[in-house]
Every structure is written in C-alpha cells, then in structure tokens.
Amino acid sequence: MSFNEPHSLLRSIPVDQISYDERGLVPAIIQDYLDGTVLMMAWMSEESLQKTLDTGETWFWSRSREELWHKGATSGHIQKVRSIRYDCDSDALLIGVEQLGDIACHTGERSCFHQVEGAIVAPPGDTLSQVFQVICDRRDHPIESSYTCKLLAGGDNKILKKIGEESAEVVMAFKDDEADAIAGEVADLLYHTLVGLAHHQVDVKSVYRKLQDRRR
C-alpha cells in the first residue's frame, strides 16, 4: 500500500496484527521506492513500526543496544517512507523509502548489500537504472571501442540524431504491429534516451520522480 501522507497509514497497517517473533521483532527489508534497489535489512518492534507510521521516517529496534533507533538521526541519511507492505504471513515487512543522501550503509555505500566475493559492487536496481549506470561509467571512464563512448563524444548532434531515428523506428514498429519488433525498437529508443540523459548530467531517477509525482 502506497501513501502520500504518513498519517494516512495509521488506519491501514495492522501494527498489532503483524506476526512478531518470540523477541517481539519482525524483519524489515528497506528498498529504494524509485528503482527497487534493496538498501538494508533491519528489525522492527511494534513500537518502532508505530513510530515509523507516526513520523513517516524509519525507526528500528537495535538488538545489541536493546533500544529504538531513528535511521539517519546521526548521519543525516534519513529514510522518508513512501510505502509499506507486509507479506502473506504478516511476518516480514517491505518498506519503500526515499533515502536522503543516497547512502543507507554505515560504511558510506548506497546499500548494505554491496559485497560480492569481497569486492564492492553496486547493488542492482531495475534494468533501466543498471543500463544507465553502465552509460555513466562509460561517460566517466571512456573506452575507445565503446559505441556508447562514441555517441557521447559526438555530443548532442550525434545523440539527438539517433534519438530521432529510433523514434521513427518505434512508430513504424507499432504500425507493423509486431510484438518482438516493438519491444526491440522501444529498447533502442530507451537506451539512446538514457545516453542523452547521461550526456546532460540528468539522473534517470529524476525521471522516475516525475512519473511518481504524476502517478499521485
């Protein structure tokens, strides 16, 4: 269930009907509300869940300190709650947030789930966000043989020409009414549009925010 004002959830989330474990806790997975990136996992008590609903910001229960903690109270990396869901057994929470500062981990990484075999790797978001990250990496660390780098090097003249061409091909694919061709041409248009965003230093998440605002 999504919400605009945190207080509207007070009547919607059955705080006292969540299946807490023997310690009175329930696991909460925290996810970026725009691109779906899993940011962290923490524990909530009935009290911390209620404070989360009351304030619209995440509150958790610290098992080591045995006390409530307000995420970001010290670092400033507060999480603004945008949605709360609970699973079919009511014993796990999925919370969509706007992560201030885009840092959820105490190490300074965006997500606590950033390690792969000891290496630091950006956690996956949705497919468009992943493609955009690759494009931005090509922009910042050019590879001579890369098609993306050649587009970026050509600037607006080259990028906008390709966006225009791909737009026309999307129109023709729709007109031909062939599902696979439509999917392929739209994918090409999205890719070239992402290159344009990267060239102009516009984050794809800013596009998501516009869509979310219009959805509401």
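Let us look at the structure shown here. (Residues numbered from 1 in each chain as written. Predicted model: local features only at pLDDT ≥ 70, side-chain atom pairs only at ≥ 80, totals over all residues. Heavy atoms only, no water.)

**Concerning the overall build of the chain**
Part 1 of the argument: In terms of regular secondary structure, the chain is built from five helices and eight strands.
Part 2 of the argument: Reading the secondary structure of the chain in the N-to-C direction produces β-β-α-β-β-β-β-β-β-α-α-α-α.
Part 3 of the argument: Viewed in the frame of its principal axes, the chain has a C-alpha envelope of about 60 × 40 × 30 Å.
Part 4 of the argument: The buried share of the chain, taken over its 216 residues, is 37%.
Part 5 of the argument: When contacts within the chain are restricted to residue pairs at least 6 apart in sequence, long-range pairs at least 24 apart make up 51% of them.
Part 6 of the argument: Looking at the chain as shown, the accessible area adds up to about 12500 Å², and 52% of this sits on carbon and sulfur atoms.
Part 7 of the argument: Charged side chains in the chain number 23 positive and 35 negative. The centres of these two groups are separated by 6 Å. (Helix = DSSP H or I, 4+ residues; strand = E, 2+ residues; numbered from the N terminus. Buried < 20%, exposed > 50% of the residue type's maximum accessible area, 1.4 Å probe, protein only. Contact = heavy atoms within 4.5 Å. Areas by Shrake-Rupley, 256 points an atom, 1.4 Å probe, with all protein chains shown as cover. Lys, Arg positive; Asp, Glu negative; His and termini not counted. Charge placed at Lys NZ, Arg CZ, Asp CG, Glu CD.)

**Topic: the side chain of Thr 52**
Part 1 of the argument: Within the element layout of this structure, Thr 52 appears in helix H1 (residues 46-55).
Part 2 of the argument: For Thr 52, a relative accessible area of 1% puts it in the buried group.

**Some remarks on the nonpolar core**
Part 1 of the argument: Counting residues in each nonpolar core, the largest one holds 20 residues, and the members touching the most others are Ile 30, Met 44, Leu 49, Ile 84, Leu 93 and Ile 95.
Part 2 of the argument: Within the residue set of this core, elements represented by two or more residues are strand S1 (25-32), strand S2 (38-45), H1, strand S5 (79-86) and strand S6 (93-99).
Part 3 of the argument: In terms of residues, this core owes the most to one element, S2, which gives four residues.
Part 4 of the argument: Setting aside residues up to four positions removed in sequence, Ile 95 forms contacts with Ala 28, Ile 29, Ile 30, Gln 31, Met 44, Thr 58, Val 81, Ser 83 and Ile 84.
Part 5 of the argument: By size, the runner-up hydrophobic cluster in this structure holds 16 residues, among which are Ile 135, Cys 136, Tyr 191 and Val 204. (Core = buried A, V, L, I, M, F, W, Y, C linked by side-chain atoms within 4.5 Å.)

**A short note on the pairing of S1**
Part 1 of the argument: As defined by bridge partners, S1 adjoins S2 across seven bridges and the pair is classed as antiparallel. Bridged to Ala 28 within S2 is Ala 42.
Part 2 of the argument: Counting the residues between successive antiparallel strands, the hairpin from S1 to S2 contains five residues, one of them, Gly 36, with a positive phi of roughly 80 degrees. (Pairing = 2+ DSSP bridges.)

**A word on the environment of Trp 43**
Part 1 of the argument: Along the chain, Trp 43 turns up in strand S2.
Part 2 of the argument: For Trp 43, a relative accessible area of 17% puts it in the buried group.
Part 3 of the argument: For the pair Trp 43 and Ala 173, spaced 130 residues apart in sequence, the C-alpha to C-alpha distance is 49 Å.
Part 4 of the argument: In this structure, Trp 43 is in contact with Asp 21, Arg 23, Leu 25, Val 26, Pro 27, Phe 60, Trp 61 and Arg 63, ignoring residues within four places of it in sequence.

**Thoughts on the packing of aromatic side chains**
Part 1 of the argument: Counted according to the given criterion, the structure contains two aromatic pairs.
Part 2 of the argument: Pairing Phe 60 with Trp 69 gives two aromatic rings, centres 5.1 Å apart and planes at 45 degrees, and the pair type is tilted.
Part 3 of the argument: A residue is classified by how much of its surface remains accessible, and Phe 60, at 0% relative accessible area, is buried.
Part 4 of the argument: It is Arg 23 that lies over the ring of Trp 43; its NZ or CZ is 4.6 Å from the centre.
Part 5 of the argument: The side chain of Lys 51 reaches across the aromatic face of Trp 59, ending 4.4 Å from its centre. (Phe/Tyr/Trp six-rings, centres within 6.5 Å; stacked < 30°, edge-to-face > 60°. Lys NZ or Arg CZ within 6 Å of the ring centre and 35° of its normal.)

**Examining the sheet that holds S2**
Part 1 of the argument: Pairing within the open sheet is mixed, and its four strands lie in the order S2-S1-S6-S5. Two strands in the sheet have a free side with no partner beyond their single neighbour: S2 and S5. The mean inter-strand angle of the sheet, taken between neighbouring strand axes irrespective of direction, is 30 degrees.
Part 2 of the argument: Inspection of the sheet shows S1 paired to S6 by five bridges, in the parallel sense. Directly across from Ile 29, in S6, lies its bridge partner Leu 94. (Axes fitted to C-alpha atoms, helices over the stretch in contact; angles between N-to-C directions.)

Just distances and angles here, no functional claims.
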